[in-house]
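Given next are the chains, with one letter for each unit.
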Amino acid sequence: METTIIWILTFGLGEESGWRGFLLPELCKKFSIKNSALIVAAIWLFWHLPAFWFNENYMNMGLGIIGWGISLTFGSIFLAWLCQGSEFSVIPVLIWHGGFDLLTASDQAAQVMAMVCSVFVIIQGVYISRKLPSR
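Residues numbered from 1 in each chain as written. Predicted model: local features only at pLDDT ≥ 70, side-chain atom pairs only at ≥ 80, totals over all residues. Heavy atoms only, no water.

1. What about the nonpolar core?
Item 1. The biggest cluster of nonpolar side chains holds 22 residues, and the ones touching the most others in it are Leu24 and Val40.
Item 2. Of all the secondary structure elements, the ones that give two or more residues to this core are helix 1 (2-28), helix 2 (33-48) and helix 4 (64-85).
Item 3. The residues touching Val40, leaving out its near neighbours within four places in the chain, are Trp19, Arg20, Leu23, Leu24, Leu27 and Ser76. (Core = buried A, V, L, I, M, F, W, Y, C linked by side-chain atoms within 4.5 Å. Buried < 20%, exposed > 50% of the residue type's maximum accessible area, 1.4 Å probe, protein only. Helix = DSSP H or I, 4+ residues; strand = E, 2+ residues; numbered from the N terminus. Contact = heavy atoms within 4.5 Å.)

Structure (structure tokens):
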């Protein structure tokens, strides 16, 4: 339980207070929720780049980086939808993000778990992206 709380507070709150707590609502003032989520995804991708020089999971991804990028992009759409549905409260998003990272990126996570979770994120993201207006 303590580990889950730490992941939620670091990866959930640490990232989501910026991505969905600040950046997404600001972008939504000018763009649709879908386009805002895609902009956040692009920035989020670049934000993770330094990890490819020090994090073994990232360094060993190989061509899996393509799936990771796709998952991150559709994850951004899913999280934007979740955030918008909670009237831009970051709480559901930070809990989801912390839990996802706990399942997929912790030392106890198996590679298969990361792939399965990412596939579910992509499926949810594709479904939601079809429902969200582009304008």
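2. What about the pattern of salt bridges?
Item 1. By the definition in use, this model includes two salt bridges.
Item 2. Note that Glu16 is salt-bridged to Arg20, the shortest N-O span being 2.6 Å. Here Glu16 and its partner Arg20 are both found in helix 1, four residues apart, which amounts to about one turn of the helix.
Item 3. Since its relative accessible area comes to 0%, Glu16 is described here as buried. (Salt bridge = Lys/Arg side-chain N within 4 Å of Asp/Glu carboxyl O.)

3. Topic: the environment of Leu45
Item 1. Position of Leu45 among the secondary structure elements: in helix 2.
Item 2. Taking the relative accessible area as the measure of exposure, Leu45 reaches 24% and is therefore partly exposed.
Item 3. Here the alpha-carbon distance between Leu45 and Ile70, two residues 25 residues apart in the chain, equals 10.0 Å.

4. Brief notes about the packing of helix 1 against helix 2
When two helices pack together, their arrangement is captured by the angle between the axes and the distance separating the axes.
Item 1. At a minimum axis distance of 9 Å, the contact between helix 1 and helix 2 shows a crossing angle of 140°. With respect to their mutual orientation, helix 1 and helix 2 come out oblique. Classified by chirality, the crossing of helix 2 by helix 1 is right-handed. Listed contacts from helix 2 to Glu15, Glu16, Trp19, Arg20, Leu23, Leu24, Leu27 and Cys28 of helix 1 are Ile33, Ser36, Ala37, Ile39, Val40, Ile43, Trp44, Trp47 and His48.
Item 2. Split by residue class, the contact of helix 1 with helix 2 holds 12 nonpolar, two polar and three charged. (Axes fitted to C-alpha atoms, helices over the stretch in contact; angles between N-to-C directions. Parallel < 35°, antiparallel > 145°, perpendicular 65-115°, else oblique. Left-handed = near helix turned anticlockwise from the far one by under 90°. Nonpolar A, V, L, I, M, F, W, Y, C, P; charged D, E, K, R; others polar.)

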